[in-house]
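Summary of structural features
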Amino acid sequence: MESKDSANGAASGLEADYAAVVGGAGVRIFGERKIVRVIGDDRVTFFHGMCSADVKGAAPGAILPALILTEHAHVIADLFIWVTDDALLLDIEAEAWSRARAHLERLLVADDVEFEDELELSIIDVEGPKAAAAVQLVAGEALSLEKIWSHNGKTSAKTSETIEMIVGRMPRYGAPAFSVIVPSATAASIVASMIDQMPAVRLIDATVTEIIRVENGIARIGVDTTDKTIALEARLNRAISFNKGCYVGQETIERATARGALKKRLRGLGLESIAERGAVVSLQGKEVGRLSSVAWSPRFGAIALAILHHSAWTPGTRVSIADSGGATVSDLPFA
């Protein structure tokens, strides 16, 4: 399926996609993510101890941003947990699931927990201020999701046949958005239905959601982090419950929080020109970090994320980028 006005060229297409996400609704089917269904009587207790989210405190209908951490709070994977009456639905990058599952299974002893990861389900992401209206076009009942990070359970789609879907209100990239879990065989037709019925809806690709993610300072695991990055350094606080009981990695998180011991943290950079990921960031001749995510934003121009030494945290600080001139440190989000 091609996006509207695809013949206008890459530059104009990107700006049109961005305009849709900022002022209307941009929609795409995630090809890189999967849904894993976790069942068993011990699923809640097990995941409460294995991730950074308060799974025990969540009622059905909640969506929990969560991290799977090592004992030193290094990030193995990030995910979203959709809590239902009879299961936990893990919304996770397919590549990350292989290492997350290996980690979790090493810690499974006698727990009644099963992973169902061969489900024929897809996730439709709808970004933008008109996302709710776009989703309403295909949802079989009125949306009543007043709170972010919530879903309305199973509902029937407005099509010629009954299609089960779960609709969630979740700003996964930091901007107003909804996600819809549907059978994979019906995903393309549901997206087409949204586009056909509402001129403000446009099919987009991952380039645009990456720009929105960088603008909002949402770290991507494996891009803005390494296997030695502590969760707090990457500003992954939305996925951390600071009030829950014991979980893997908690001791390091609490120690860093209590002592204010972080020496590095994710910051934004306004670049003079687009630079390469991995380029060295220097302050007064000393390396203070390396660029991780780099994007060109129609609103902010060339921007990037980098985990910087605390000497370069102050917004407005001028730094040098190897082979690419200078940059200005920004707090996050850029707006």
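Here's a quick rundown of the structure. Just so it is clear, the model here is predicted, and its values are computed rather than measured.

Quick look at the overall build of the protein
- Looking only at helices and strands, the protein features 7 helices and 17 strands.
- Counting across all 335 residues of the protein, residues that qualify as buried make up 54%.
- The contacts in the protein between residues at least 6 apart in sequence include a share of 66% that link residues at least 24 apart.
- Summing over all exposed atoms, the protein offers an accessible surface of approximately 14,900 Å²; the carbon and sulfur share of this is 50%.

Observations concerning the state of the cysteines
- Scanning the model with the defined rule gives 0 disulfides in all.
- Free cysteine: Cys 51, not disulfide-bonded; nearest cysteine sulfur from Cys 246 at 12 Å.

Points about helix H5 (residues 184–197)
- Taking 1.5 Å per residue as the helical rise, H5 with its 14 residues ought to reach 20 Å, and the 21 Å between its terminal C-alpha atoms agrees with that figure.
- Check the buried side of H5 and you find it contacts strand S1 (25–29), strand S7 (121–127), helix H4 (131–136), strand S9 (164–169), strand S10 (177–183) and strand S11 (201–203).

What to know about the pattern of salt bridges
- A full pass over the atoms with the stated rule returns 17 salt bridges.
- Here Arg 213 ties to Glu 210 by a salt bridge, and the two come within 2.9 Å at their closest N and O atoms. With a gap of 3 residues between them, Arg 213 and Glu 210 both fall in helix H6 (residues 206–215), about one helical turn apart.
- Several salt bridges share partner residues, and in doing so they unite Glu 93, Glu 210, Arg 213, Arg 220 and Asp 224 into one network.

A short note on the nonpolar core
- Membership of the largest hydrophobic core comes to 43 residues, with the highest contact counts inside it found for Leu 67, Leu 69, Trp 82, Ala 231, Leu 236 and Ile 253.
- Every element with two or more residues in this core is listed here: helix H1 (10–23), strand S3 (63–69), strand S4 (75–83), H6, helix H7 (250–259) and strand S15 (301–309).
- By residue number, the principal contributor to this core is H6, which donates 4 residues.
- Membership of the second largest hydrophobic core comes to 27 residues, among which are Val 36, Leu 90, Trp 97 and Val 113.

Quick word on the sheet that holds strand S17 (residues 325–330)
- An order of S12-S15-S14-S13-S16-S17 is seen for the 6 strands of this closed barrel, with the pairing classed as antiparallel. Each strand of the sheet is rotated relative to its neighbour by a mean of 40 degrees, with strand direction disregarded.
- Inspection of the sheet shows strand S14 (residues 286–297) paired to S15 by 5 bridges, in the antiparallel sense. For Leu 291, the partnering residue across the bridge sits in S15 and is Ala 306.
- Against the sheet, H6 contacts S14 and S15, and its axis sits at roughly 135 degrees relative to S14.

A short note on the sheet that holds strand S5 (residues 88–93)
- Read from one edge to the other, the open sheet built from 5 strands follows the order S3-S4-S5-S2-S6, with strand pairing classed as antiparallel. Each edge of the open sheet is held by one strand with a lone partner, namely S3 and strand S6 (114–116). Strand-to-strand, the axes of this sheet are offset by a mean angle of 30 degrees, without reference to chain direction.
- Across 6 bridges, the pairing between strand S2 (residues 33–39) and S5 is antiparallel.

Analysis parameters
- Residues numbered from 1 in each chain as written.
- Predicted model: local features only at pLDDT ≥ 70, side-chain atom pairs only at ≥ 80, totals over all residues.
- Heavy atoms only, no water.
- Helix = DSSP H or I, 4+ residues; strand = E, 2+ residues; numbered from the N terminus.
- Buried < 20%, exposed > 50% of the residue type's maximum accessible area, 1.4 Å probe, protein only.
- Contact = heavy atoms within 4.5 Å.
- Areas by Shrake-Rupley, 256 points an atom, 1.4 Å probe, with all protein chains shown as cover.
- Disulfide = S-S within 2.5 Å.
- Expected span 1.5 Å × (residues − 1).
- Salt bridge = Lys/Arg side-chain N within 4 Å of Asp/Glu carboxyl O.
- Core = buried A, V, L, I, M, F, W, Y, C linked by side-chain atoms within 4.5 Å.
- Pairing = 2+ DSSP bridges.
- Axes fitted to C-alpha atoms, helices over the stretch in contact; angles between N-to-C directions.

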